[in-house]
Amino acid sequence: MLTTVDKSKRLFNNRPIVAILLGLVLLGLCFSALPAYRYLKSVRSNSVLEASKKYHENQEFNLAFKKAHTAVLLNGKNEEASRHLAKLALDYGHPLAYKFWESVINSESATEEDWQHATRASLFNKSPEATFYYLERWKRHQETPSPTYLLTRARALILNDQHHLAKHELSANISTYPENIELHSLYFSLVNEFGTPQEKARNREILNTWKTRDDEIGVKTLRSIIVAKAYSPDDRKESANLLMNHSLRTKADELRALAALALIDPNYLNDLDQTTSELIDLEDNESIRIYTALLIETGNYEQVLQILNEDTAKSDKRLYQNFLIAKIGVGASDEVLDQTSEQTQQLSSLAEEAILRALAFKESGNDASYKFNIETSVNKATDEDLAFIQHHLLRLGEKDLLLQLYLKIGEHPKYGDNARQLAIQLAMDLQSEEDLLKILKSVDLGDDFISARQKPLWVYLHLLFGQDTEAARYQAQKLAANNGQSPFIKSLLAFSHYISGDTRTAQSLVPPTTSTQDLRSTLLQIAILKGTPREVGLREKLQHFDTSQLLPVERSLITL
């Protein structure tokens, strides 16, 4: 008789059975180990995510991004990691930021803020198809379009040259949110530029009602008016005074109102009865920075030095710059030159240091050193220096150097778009056709980087100088399809046919002279209608415009 041991030996000597048993054991181990493995990866993912957040707090973007990406790879279901990675991509301009948001908005926990960020990322990365795809999907998640959705869609339409559609959609929906200041502000701005006289009058009525309200709507309305150039100095002055006394005003509101009043009336600060301590928080660097910059702008240098000394100023880069500029303003240029020498510890970039030294040399009358340093400031400038150097070049009247600065920053992948647009405007102010041609030749008119607001001007200049005229005509057709009520856009489309030799079509497209005219529309129409009875009426309209700043090529249109 076989014993138990013998039976066991026989069983284990039977290889097929052993293999099956071992397989079952291993399978059991796998099933039990898999959850443990997943758990370990989840824990590891959370750990790496926390490391990413710490790197982000320390402004170490590359490391933060890599860690966040690793956290997602370790656990694709870690929604917090996916959202963190997507936000990093959006905040720092990753070229595929909108794709990182795809996994976030596909999750069940996707919020309205996530949809907004996804759409913003697609707009930032100039992907209209993705933008409107996200917007359509976002809309399906709502019973009634939310204010955030309406705002985001309207901005997308504006960036896609569809101003009138954006205005129409907002007009149809803002009644659902009668007191949403952000929706109404965007609608008001569109009406101011593209609206009928009746719509503009209605805007004025609403604003006059809102700005006297003693609630959040009132304070937000006043904030928007005091900084908007579309309003007259009297409107902004009245709104600034109302804001200064609004029950919901903040300290920042007081400073904004103060700045608006001082910039409208440079003597305003001298007439104040309040003391500095009542106007600003002397413990808050941001408040002091805004206030001292305002004092400098209005020439009140001694008041800056009553607030700042060298030690307190060194706690903040901009405060120290304001301190040095104020010292130059009171005649202490030599001290500033000592404090900006190569031996001193720099609180500013090389470009900013150079412009501070230029200001000091100008004050002391050393023209050669002034010129050397002002040129150095432009040569050393990076995109981070743009705002500071631009401000001082404008104050100094150095527009030629400012144009050089814009053209230099125009090569930057992120900030170049804005710089090129600024360069176009400045080159026109300087009547520099050579620089205008250089800028026009450096870009493709079909590039998405040209903002919707600037696109008509770029098309106009391309047609005017005969640059890439076929592309310009195509863009004029797109503009006309989206903004067909604008006399300038209509004139652009007509002129695009005129310069291609199709005069008959061009003349048929010219809007009636009874429509609202602007200087450039009138110039184009005179060129197209040369020798026809309508030319006489256009010449009469031309007399009502200031033509002193026209470019030579523009003048040629009316002397053809």
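Conventions and cut-offs
- Residues numbered from 1 in each chain as written.
- Predicted model: local features only at pLDDT ≥ 70, side-chain atom pairs only at ≥ 80, totals over all residues.
- Heavy atoms only, no water.
- Helix = DSSP H or I, 4+ residues; strand = E, 2+ residues; numbered from the N terminus.
- Buried < 20%, exposed > 50% of the residue type's maximum accessible area, 1.4 Å probe, protein only.
- Contact = heavy atoms within 4.5 Å.
- Areas by Shrake-Rupley, 256 points an atom, 1.4 Å probe, with all protein chains shown as cover.
- Salt bridge = Lys/Arg side-chain N within 4 Å of Asp/Glu carboxyl O.
- Axes fitted to C-alpha atoms, helices over the stretch in contact; angles between N-to-C directions.
- Left-handed = near helix turned anticlockwise from the far one by under 90°.
- Nonpolar A, V, L, I, M, F, W, Y, C, P; charged D, E, K, R; others polar.
- Parallel < 35°, antiparallel > 145°, perpendicular 65-115°, else oblique.
- pLDDT = per-residue confidence, 0-100.
- Phe/Tyr/Trp six-rings, centres within 6.5 Å; stacked < 30°, edge-to-face > 60°.
- Lys NZ or Arg CZ within 6 Å of the ring centre and 35° of its normal.
- Core = buried A, V, L, I, M, F, W, Y, C linked by side-chain atoms within 4.5 Å.
- Polar contact = N/O pair within 3.5 Å; in protein donor to acceptor, adjacent residues only side chain to side chain.
- Expected span 1.5 Å × (residues − 1).

### Some points on the overall build of the protein chain
Logical step 1: Along the backbone of the protein chain there are 33 helices and 0 strands.
Logical step 2: Buried residues in the protein chain amount to 44% of all 560 residues.
Logical step 3: Contacts in the protein chain between residues at least 24 apart in sequence constitute 53% of all its contacts with a sequence separation of at least 6.
Logical step 4: Here the protein chain has roughly 29,800 Å² of accessible surface; of this, 51% comes from carbon and sulfur atoms.

### Remarks on the pattern of salt bridges
Logical step 1: Evaluated as defined, the whole model comprises 25 salt bridges.
Logical step 2: A salt bridge links Glu182 to Lys220; the shortest N-O distance between them is 3.5 Å. Note that Glu182 is positioned in helix α10 (residues 181–194) and Lys220 in helix α12 (residues 216–226), a separation of 38 residues in sequence.
Logical step 3: For Glu182, a relative accessible area of 35% gives the class partly exposed.
Logical step 4: For Lys317, the salt bridge goes to Glu352, with nearest N and O atoms at 3.1 Å. Note that Lys317 is positioned in helix α19 (residues 317–329) and Glu352 in helix α21 (residues 350–364), a separation of 35 residues in sequence.
Logical step 5: The exposure class of Lys317 is partly exposed, given its relative accessible area of 35%.
Logical step 6: Judged by its relative accessible area of 0%, Glu352 falls in the buried class.
Logical step 7: The network of salt bridges with common partners includes Glu216, Arg223, Asp253 and Arg256.

### Description of the side chain of Arg83
Logical step 1: Summarising the element assignment, Arg83 is placed in helix α4 (residues 79–91).
Logical step 2: Filtering out sequence-adjacent residues up to four positions away, Arg83 remains in contact with Trp101, Val104, Ser109, Ala110 and Asp114.

### What about the packing of α12 against helix α14 (residues 251–264)?
Logical step 1: α14 packs onto α12 with a crossing angle of 35° between their chain directions and a minimal axis gap of 10 Å. Crossing geometry of α12 relative to α14 is assigned as left-handed. Residues Val219, Arg223 and Ile226 of α12 lie in contact with α14, whose contacting residues are Asp253, Arg256, Ala257 and Ala260.
Logical step 2: Of the residues that constitute the contact of α12 with α14, the class distribution is 4 nonpolar, no polar and 3 charged.

### Things to note about the packing of helix α26 (residues 433–441) against helix α27 (residues 455–465)
Logical step 1: Viewed as axis vectors pointing N to C, α26 and α27 meet at an angle of 110°, and their least axial separation amounts to 11 Å. The orientation of α26 relative to α27 falls into the category roughly perpendicular. As α26 runs across α27, the sense of the crossing is left-handed. Contacts from Glu433, Leu436, Leu437, Ile439 and Leu440 in α26 reach Trp458, Leu461, His462 and Phe465 in α27.

### Looking at the confidence of the model for the protein chain
Logical step 1: Mean pLDDT for the protein chain: 80, with 84% of residues reaching 70 or above.
Logical step 2: Ranking the elements of the protein chain by mean pLDDT puts helix α1 (residues 4–13) last with 52 and helix α22 (residues 367–380) first with 90.

### Describing the packing of aromatic side chains
Logical step 1: In this structure the tally under the stated criterion is 8 aromatic pairs.
Logical step 2: Ring geometry for Phe495 against Tyr498: centres 5.9 Å apart, planes inclined by 25°, an arrangement best described as stacked. One end of the pair, Phe495, and the other, Tyr498, are both in helix α29 (residues 487–498), 3 residues apart, so they sit about a helical turn from each other.
Logical step 3: Taken together, the ring pairs connect Tyr187, Phe188 and Trp210 into an aromatic cluster.
Logical step 4: A cation over an aromatic ring shows up here: Lys362 above the ring of Tyr370, its NZ or CZ 4.9 Å from the ring centre.

### Notes on the nonpolar core
Logical step 1: Grouped together as the largest cluster of nonpolar side chains are 99 residues, with contacts concentrated most on Leu393, Leu405, Ile424, Tyr460, Leu461 and Leu492.
Logical step 2: Considering every element that reaches this core, the biggest residue donor is α27, with 8 residues.
Logical step 3: Once residues within four sequence positions are removed from consideration, Ile424 is found in contact with Leu436, Ile439, Leu440, Leu457, Trp458 and Leu461.
Logical step 4: Counting 51 residues, the second-largest nonpolar core is a separate cluster that includes Val72, Ala154, Ile181 and Trp210.

### Observations regarding the side chain of Ser432
Logical step 1: Within the secondary structure, Ser432 sits in the loop between α25 (416–429) and α26.
Logical step 2: Within the structure, the side chain of Ser432 is placed 2.7 Å from the side chain of Asp435, a separation counted as a polar contact.

### Digging into α4
Logical step 1: Between its terminal C-alpha atoms α4 stretches 18 Å, which fits the 18 Å expected from 13 residues at 1.5 Å a residue.
Logical step 2: The complete set of buried residues in α4 reads Ala81, Ser82, Arg83, His84, Leu85, Ala86, Leu88, Ala89 and Leu90.
Logical step 3: Gly93 lies just past α4 and shows a positive phi near 70°.

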